[in-house]
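Inside the fold
Residue-level listing of the chains:
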Amino acid sequence: QVQLVESGGGLVQAGGSLKLSCLFSGRTFSIVALGWFRQTPGNDREFVAAIAWSGGSTNYADSMKGRLTMSRDNAKNTIYLQMSSLKPEDTAIYYCAACPKILRWCSRPTDFRSWGQGTQVTVSS
């Protein structure tokens, strides 16, 4: 079992930036990649970004590409999601999750085995 805890969400004005963090623990040897998803009420979880734990390769959702930077700190078992030029439509609960497969196979919610509780991001206009 892998435990994940997100932090860094909050209220930001449109055009602003926010950096989310996700600390994970537990059976970390099972983790090959980690990802971020977001969800708004009544909608499915939407892929945002993913990173390979070994090597640091990244994938980003086309809808947010250019506004995201995902990174990792191996020593701290932590991943980060830097978001910039935020828009009101970016408002959502953001979740981090762990994937036991290689990065290219980690883009759907069903690819991920463990999830955090989520952190709220609200972008005001």
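Residues numbered from 1 in each chain as written. Predicted model: local features only at pLDDT ≥ 70, side-chain atom pairs only at ≥ 80, totals over all residues. Heavy atoms only, no water.

1. A few points about the side chain of Glu 6
Position of Glu 6 relative to the elements: it lies in strand β1 (residues 2–7). For the buried Glu 6, no salt bridge is present, and the opposite-charge side chain at shortest range is Arg 45, 7.2 Å distant. Reaching out from Glu 6, the side chain makes a polar contact with the backbone nitrogen of Gln 117 at a distance of 3.1 Å. Here Gly 118 takes part through its backbone nitrogen, which lies 2.8 Å from a polar atom of the side chain of Glu 6. (Helix = DSSP H or I, 4+ residues; strand = E, 2+ residues; numbered from the N terminus. Buried < 20%, exposed > 50% of the residue type's maximum accessible area, 1.4 Å probe, protein only. Lys, Arg positive; Asp, Glu negative; His and termini not counted. Salt bridge = Lys/Arg side-chain N within 4 Å of Asp/Glu carboxyl O. Polar contact = N/O pair within 3.5 Å; in protein donor to acceptor, adjacent residues only side chain to side chain.)

2. Observations regarding the pairing of strand β7 (residues 68–73)
As paired elements, β7 and strand β8 (residues 78–83) share six bridges and run antiparallel to each other. Bridge pairing in β8 places Leu 68 opposite Met 83. Hairpin remark: β7 followed by β8, antiparallel, with four residues in the connecting loop; positive phi at Asn 77, about 50°. (Pairing = 2+ DSSP bridges.)

3. Some points on the packing of aromatic side chains
Across all of its chains, the model carries six aromatic pairs by this definition. Note on Tyr 95 and Trp 115: the rings are 6.4 Å apart at their centroids and 80° apart in plane angle, and the pair reads as edge-to-face. Linking Tyr 95 in strand β9 (residues 92–99) with Trp 115 in strand β10 (residues 114–115), this pair joins segments that are 20 residues apart in sequence. Of the residues examined, Tyr 95 reaches a relative accessible area of 10% and is grouped as buried. In this structure an aromatic cluster arises from ring pairing among Phe 37, Phe 47, Tyr 95, Phe 112 and Trp 115. A cation over an aromatic ring shows up here: Lys 19 above the ring of Tyr 80, its NZ or CZ 4.7 Å from the ring centre. Its guanidinium or amino end placed over the ring of Trp 115, Arg 45 lies 4.6 Å from that ring's centre, counting from NZ or CZ. (Phe/Tyr/Trp six-rings, centres within 6.5 Å; stacked < 30°, edge-to-face > 60°. Lys NZ or Arg CZ within 6 Å of the ring centre and 35° of its normal.)

4. Quick word on the state of the cysteines
Applying the stated criterion across every chain yields a total of two disulfides. Each sulfur of the disulfide joining Cys 22 and Cys 96 lies 2.0 Å from the other. Residues Cys 22 and Cys 96 are joined by a disulfide whose S-S torsion is about 60°; by sign, that bridge is right-handed. A residue pair is termed long-range when its members are at least 10 positions apart, and Cys 22 in strand β3 (residues 18–26) and Cys 96 in strand β9 qualify at 74 residues. Residue classification places Cys 96 among the buried positions, given a relative accessible area of 0%. Put simply, Cys 99 and Cys 106 are joined by a disulfide, and their sulfur atoms are 2.0 Å apart. (Disulfide = S-S within 2.5 Å.)

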